[in-house]
Amino acid sequence: MTVGAGNKITIAAKCSPEARYLDRVSEAGLEAVELYTNEAWLARRAEVVRCCRQYPLIYAIHAPVEGCLLEPLADLARELEAVAVIYHPVFWEDEWQRLVETTGSGILEREP
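Residues numbered from 1 in each chain as written. Predicted model: local features only at pLDDT ≥ 70, side-chain atom pairs only at ≥ 80, totals over all residues. Heavy atoms only, no water.

Caption draft 1: Fine view of helix α4 (residues 70-80). What α4 keeps buried is the set Leu70, Leu73, Ala74, Asp75, Leu76, Ala77 and Leu80. At the exit of α4 stands Glu81, carrying a positive phi of roughly 55°. (Buried < 20%, exposed > 50% of the residue type's maximum accessible area, 1.4 Å probe, protein only. Helix = DSSP H or I, 4+ residues; strand = E, 2+ residues; numbered from the N terminus.)

Encoded structure:
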């Protein structure tokens, strides 16, 4: 979608990585999706990737709000060529510090 003076914005829906929801996103004509994840979805990463690859969408990944599962999250992001990983629970100093320490380890930059 182009707005204003030619600025392109991408509208995304947020949903779990299931065909029934990704079908709706595609049918609505949206270009992108923010995938909801949790520990269970990340444990089924191969299934998630197979499902998502059926849809020509731009992917962003919503990090689980419980725990700090950056390795499987980074793997999923790479496999889907996600444009972003959204990490929401950075409201308190201890959560922010944990994120900084974990991402500072280079886990998000490592090669597959």
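Caption draft 2: Structural view of unusual backbone geometry. Non-glycine residue Glu81 carries a positive phi angle of around 55°. Given a relative accessible area of 69%, Glu81 falls into the exposed group.

Caption draft 3: Just the environment of Arg50, in detail. Along the chain, the position of Arg50 falls in helix α3 (residues 45-52). The sequence separation of Arg50 and Glu79 amounts to 29 residues, and the corresponding C-alpha distance is 9.9 Å.

Caption draft 4: Quick peek at the pattern of salt bridges. For the structure shown, the criterion picks out six salt bridges. Across the pair Arg20 and Glu18 runs a salt bridge whose closest N-O atoms are separated by 3.3 Å. For the salt bridge of Arg44 with Glu47, the shortest nitrogen-to-oxygen distance reads 2.8 Å. The partly exposed category is assigned to Glu47, whose relative accessible area is 38%. Linked through salt bridges whose partners overlap, the residues forming this network are Arg45, Asp75, Arg78 and Glu79. (Salt bridge = Lys/Arg side-chain N within 4 Å of Asp/Glu carboxyl O.)

Caption draft 5: Region of interest: the nonpolar core. Formed by 22 residues in total, the largest nonpolar core has its most connected members in Leu22, Val33, Leu35, Cys52, Leu57, Tyr59 and Leu76. Among the elements that take part in this core, α4 stands out by supplying five residues, more than any other. Those residues in contact with Val33 that lie beyond four places of it in its chain are Ala12, Ala13, Cys15, Leu22, Val25, Leu57, Ile58, Tyr59 and Ala60. (Core = buried A, V, L, I, M, F, W, Y, C linked by side-chain atoms within 4.5 Å. Contact = heavy atoms within 4.5 Å.)

Caption draft 6: Summary view of the pairing of strand β4 (residues 32-36). A large share of β4 lies buried, amounting to four of its five residues. As paired elements, strand β3 (residues 12-15) and β4 share four bridges and run parallel to each other. In the sheet register, Ala13 faces β4, and the bridge partner there is Val33. Alignment of β4 against strand β5 (residues 58-62), held across five bridges, turns out to be parallel. Among the inter-strand pairings, Glu34 is bridged to a residue of β5, identified as Ala60. (Pairing = 2+ DSSP bridges.)

Caption draft 7: Structural view of the sheet that holds strand β6 (residues 84-86). Spatially, the four strands line up as an open sheet ordered β3-β4-β5-β6, and their pairing is parallel. Taken across any chain shown, the strands that pair with only one partner, and hence form the sheet edges, are β3 and β6. Neighbour to neighbour, the strand axes of the sheet diverge by 25° on average, direction disregarded. Seen against the sheet, α4 touches β4, β5 and β6 and runs at an angle of roughly 175° to β5. (Axes fitted to C-alpha atoms, helices over the stretch in contact; angles between N-to-C directions.)

This is a description of form; function is not addressed.
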